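Architecture and fold: a report
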Amino acid sequence: MQESKTIGLKNSQLPKMVGELLHSNQFLKVFALSALALVFIGLGVTMVMAMKEPTVITLGSDGKSLERTNQPKAEDQIREGIKRYLEKRYQWEPESVIKKLKDSEQFITPQALKAFQVAVANVAKFSTEKIVSQKVYPEKIEIDLTKQTALITGDRVTSIQGLKAAGNLKLELTFEGGPRTQENPWGIYISKEREE
């Protein structure tokens, strides 16, 4: 008799591999969907943060928080610009007259610059030759935005070779707006001067 042999049937590997592949595909699908959800959540958070107004905390030189203020009125800005112009144009010593008058050109419109340079050249020459100094003390600066004029009243003290004379100052300036620069941060440009 022959010996009986046991024959073991092998299961086909294909169904098992297909099952594992389907399981791993499900895992990849779940992973891809969760990654996509995270991307959308991240984009949403980024959009919300981008649309929010930034928090700006300003500190002074002493470390204290500075209060938020409103933008200054146009009249106040023009008044400060004109004060700086008066300081440069009408307050000088014989040693500084040329530099001060040159600095005041930053406040003159390009159309009026040539006439201004001719006028102040005589002032500079007279001041250096006769040792003349001048100071002005504006008391009142009235701004008329519709006419774009400023009326300055005050006192003028002129010193000629050490002799001082005081007089009234009545000056009307016609101004216009222009680009703001480091030398002229107010953007005020004088187009015409009229002294009385």
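As a starting point, this report considers the structure included with it. Everything numeric here is computed off the predicted structure, so don't read it as measured data.

Scoring rules and cut-offs
Residues numbered from 1 in each chain as written. Predicted model: local features only at pLDDT ≥ 70, side-chain atom pairs only at ≥ 80, totals over all residues. Heavy atoms only, no water. Core = buried A, V, L, I, M, F, W, Y, C linked by side-chain atoms within 4.5 Å. Buried < 20%, exposed > 50% of the residue type's maximum accessible area, 1.4 Å probe, protein only. Helix = DSSP H or I, 4+ residues; strand = E, 2+ residues; numbered from the N terminus. Contact = heavy atoms within 4.5 Å. Salt bridge = Lys/Arg side-chain N within 4 Å of Asp/Glu carboxyl O. Patch = residues over 30% accessible without salt bridge, like charges linked within 9 Å, V, L, I, M, F, W, Y side chains within 5 Å. Areas by Shrake-Rupley, 256 points an atom, 1.4 Å probe, with all protein chains shown as cover. Pairing = 2+ DSSP bridges. Axes fitted to C-alpha atoms, helices over the stretch in contact; angles between N-to-C directions.

1. Here's the deal with the nonpolar core
Soluble globular proteins tend to bury their nonpolar side chains together. Counting residues in each nonpolar core, the largest one holds 27 residues, and the members touching the most others are Ile82, Tyr85 and Ile152. Secondary-structure elements contributing two or more residues to this core are helix H2 (74-90), helix H3 (97-104), helix H4 (113-130), strand E1 (132-144), strand E2 (149-160), strand E3 (163-177) and strand E4 (188-195). Ranked by residues supplied to this core, first place goes to H2 with 5 residues. Discounting residues that sit within four places of it in the chain, isoleucine 82 has contacts with Ile141, Ile143, Ala150, Ile152 and Leu173.

2. Observations regarding the pattern of salt bridges
Enumeration according to the criterion identifies 10 salt bridges in this entry. Lysine 83 serves as the salt-bridge partner of glutamate 80, at 3.5 Å between the closest nitrogen and oxygen. Residue glutamate 80 and its partner lysine 83 are located together in helix H2, separated by 3 residues, close to a single helical turn. Residue classification places glutamate 80 among the partly exposed positions, given a relative accessible area of 38%. Judged by its relative accessible area of 38%, lysine 83 falls in the partly exposed class. A salt bridge links lysine 99 to aspartate 103; the shortest N-O distance between them is 2.9 Å. Of the two residues, lysine 99 and aspartate 103 are both situated in helix H3; the distance of 4 residues between them amounts to about one turn of the helix.

3. Section: unusual backbone geometry
Unusually for a residue other than glycine, isoleucine 131 sits at a positive phi of about 55°. As for its placement among the helices and strands, isoleucine 131 is situated in the loop between H4 and E1. In the Ramachandran plot, glutamine 161 falls in the positive-phi region, its phi being about 50° despite a non-glycine side chain. On the basis of relative accessibility, which here comes to 55%, the residue glutamine 161 falls in the exposed class.

4. A look at a nonpolar patch on the surface
A cluster of nonpolar side chains, contributed by Leu33, Leu36, Val39, Phe40 and Leu43, occupies part of the molecular surface with about 510 Å² of accessible area. Its place among the elements puts phenylalanine 40 in helix H1 (residues 13-51).

5. Here's the deal with the sheet that holds E3
Sheets are built from strands paired through backbone hydrogen bonds, the pairs being either parallel or antiparallel. Strand order in the open sheet formed by 4 strands is E1-E2-E3-E4, with antiparallel pairing between adjacent strands. One side of each edge strand has no neighbouring strand; the edge strands of this open sheet are E1 and E4. Geometrically, the sheet is characterised by an average inter-axis angle of 30° between neighbouring strands, direction not taken into account. Where E3 lies against E4, 7 bridges are found, and the strand directions are antiparallel. Pairing of glutamate 172 across the sheet is with arginine 194, part of E4.

Purely geometric stuff here, so don't read any function into it on its own.
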